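Survey of secondary and tertiary structure
Here is what each chain is made of, one letter per residue.
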Amino acid sequence: GAVVSQHPSWVICKSGTSVKIECRSLDFQATTMFWYRQFPKQSLMLMATSNEGSKATYEQGVEKDKFLINHASLTLSTLTVTSAHPEDSSFYICSASKTGDLGYTFGSGTRLTVV
Amino acid sequence: GENVEQHPSTLSVQEGDSAVIKCTYSDSASNYFPWYKQELGKRPQLIIDIRSNVGEKKDQRIAVTLNKTAKHFSLHITETQPEDSAVYFCAASKGGQAGTALIFGKGTTLSVSS
């Protein structure tokens, strides 16, 4: 079945630094990649939607200059958290889909802790 | 945009009992309604889904019903077991349309005691 590999699975960084999270679709071409953030005991909140080769569309309240998304190929999308602060500590998870397919394939998630 | 409401937020049942979780959605154009089970720190796991052209779908102890007129759908788990304890999320999307994201409900923490 479809697999999305997400790395790293966890990361600890200092406040003010940047962190990059990668999602790779291993056996299919991901037309669209969705990025979610999940705080403890809360739901998955959509941050942004990115289509291959296009600029990402961000949800209201998500700073596009802080959360940089790149979807340069059909198999790789990255989320960079710039100038991270403790309030950015969360579980980030990607989800890939392809046009015409109802299914969504989730990455394994990244636990980000900013100290 | 789509808004998904989920109830209850917590549900405690005895082993062997049934559990029902309900969701409502706002966008009448949504046509795909999956249910996910999530364990702490892990990715959501799809347990069952239903498309808008179907009213009910069953897979062993799990069933989902959809009422498009009322814009609500429900998850039914029968003969619950302790391993069913987890957080369950409903979601909705305009599946198949390019770039359409899943919008999640707030989740239900199910506890099954033996």
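Refer to the preceding data block for the structure.
Everything in this summary refers to the structure shown in the same document. What you are looking at is a predicted structure, and each value in this text was computed from that prediction instead of being measured.

Cut-offs and rules
- Residues numbered from 1 in each chain as written.
- Chains lettered and ligands numbered in written order.
- Predicted model: local features only at pLDDT ≥ 70, side-chain atom pairs only at ≥ 80, totals over all residues.
- Heavy atoms only, no water.
- Patch = residues over 30% accessible without salt bridge, like charges linked within 9 Å, V, L, I, M, F, W, Y side chains within 5 Å.
- Areas by Shrake-Rupley, 256 points an atom, 1.4 Å probe, with all protein chains shown as cover.
- Salt bridge = Lys/Arg side-chain N within 4 Å of Asp/Glu carboxyl O.
- Helix = DSSP H or I, 4+ residues; strand = E, 2+ residues; numbered from the N terminus.
- Buried < 20%, exposed > 50% of the residue type's maximum accessible area, 1.4 Å probe, protein only.
- Contact = heavy atoms within 4.5 Å.
- Phe/Tyr/Trp six-rings, centres within 6.5 Å; stacked < 30°, edge-to-face > 60°.
- Buried area = accessible area lost by both parts, 1.4 Å probe.
- Polar contact = N/O pair within 3.5 Å; in protein donor to acceptor, adjacent residues only side chain to side chain.
- Nonpolar A, V, L, I, M, F, W, Y, C, P; charged D, E, K, R; others polar.
- Pairing = 2+ DSSP bridges.
- Axes fitted to C-alpha atoms, helices over the stretch in contact; angles between N-to-C directions.

**Some thoughts on a nonpolar patch on the surface**
Residue and element names in this part refer to chain A. A grouping of W10, I12 and V115 is seen on the molecular surface, where their side chains present a nonpolar patch of about 370 Å² in accessible area. Looking at the element boundaries, V115 is found in the segment after β11 (110–114). Here V115 falls in the exposed class, since its relative accessible area comes to 57%.

**Examining the environment of V4(B)**
Residues and elements named next belong to chain B. Secondary-structure assignment places V4 in strand β1 (residues 4–7). When the C-alpha positions of V4 and A92 are compared, they lie 7.2 Å apart, and in sequence the two are 88 residues distant. With residues up to four places along the chain from it excluded, the contact list for V4 reads C23, T24, Y25, C90, A92, I103, F104 and G105.

**Regarding the packing of aromatic side chains**
All names here are of chain A. On inspection of all chains with the given rule, the structure shows 13 aromatic pairs over all chains. Ring geometry for Y36 versus F106: centroids 6.2 Å apart, planes at 40°, classification tilted. Taken as a pair, Y36 in strand β4 (residues 32–38) and F106 in strand β10 (residues 105–106) lie far apart in primary sequence, 70 residues in all. F106 carries the same exposure label as Y36, and that label is buried.

**A closer look at the interface of chain B and chain A**
At the interface, 21 residues of chain B touch 22 residues of chain A. Buried area between chain B and chain A, both sides added, is near 1700 Å², and the carbon and sulfur share of it is 62%. At the boundary of chain B and chain A, one finds zero salt bridges. At the boundary of chain B with chain A, the tally comes to six residue pairs in polar contact (both at pLDDT 80 or more). Among the residues forming the side of chain B that touches chain A, the class breakdown is nine nonpolar, eight polar and four charged.

**Quick look at the sheet that holds strand β8 (residues 76–81) of chain A**
All names here are of chain A. Ordered in space as β1-β3-β8-β7, the four strands form an open sheet in which the pairing is antiparallel. Since the sheet does not close on itself, it has two edges, and those belong to β1 (4–7) and β7 (67–73), each with one partner. The average undirected angle you get between the axes of adjacent strands in this sheet is 15°. Note: strand β3 (residues 19–25) against β8, six bridges, orientation antiparallel. Residue pairing for β8: I21 is matched across the bridge by L79.

**Here's the deal with the environment of R24(A)**
Residues and elements named next belong to chain A. Secondary-structure assignment places R24 in strand β3. Spatially, the C-alpha atoms of R24 and G107 are 8.4 Å apart, while their sequence positions differ by 83 residues. Apart from the residues within four sequence positions on either side, R24 is in contact with V3, V4, S5, T75 and L76.

**A look at unusual backbone geometry**
With an omega dihedral of -5°, the bond running from H7(A) to P8(A) counts as a cis peptide bond. With respect to the secondary-structure elements, P8(A) resides in the loop between β1 and β2 (10–13). The amide bond that connects H7(B) to the next residue, P8(B), takes the cis arrangement and shows omega of -5°. Mapped onto the elements, P8(B) comes out in the loop between β1 and β2 (10–14). Positive phi values are uncommon outside glycine, yet S83(A) reaches one of about 45°. Looking at the secondary structure, you find S83(A) in the loop between β8 and β9 (90–97). Note on S83(A): relative accessible area 35%, which makes it partly exposed. Even without glycine at this site, K71(B) takes up a positive phi of about 55°.

**What about the pattern of salt bridges?**
Applying the stated criterion across every chain, the model contains five salt bridges over all chains. The salt bridge partner of D88(A) is K66(A), with a shortest N-O separation of 2.8 Å. In this pair, D88(A) is assigned in the loop between β8 and β9 and K66(A) in the loop between β6 (57–58) and β7, connecting sequence segments 22 residues apart. A single burial state applies to D88(A) and to K66(A), both of which are buried. The closest approach of N and O atoms between D49(B) and K57(B), which form a salt bridge, is 2.9 Å. You can call D49(B) buried: its relative accessible area is 17%.

By themselves, these observations are geometric and do not establish any function.
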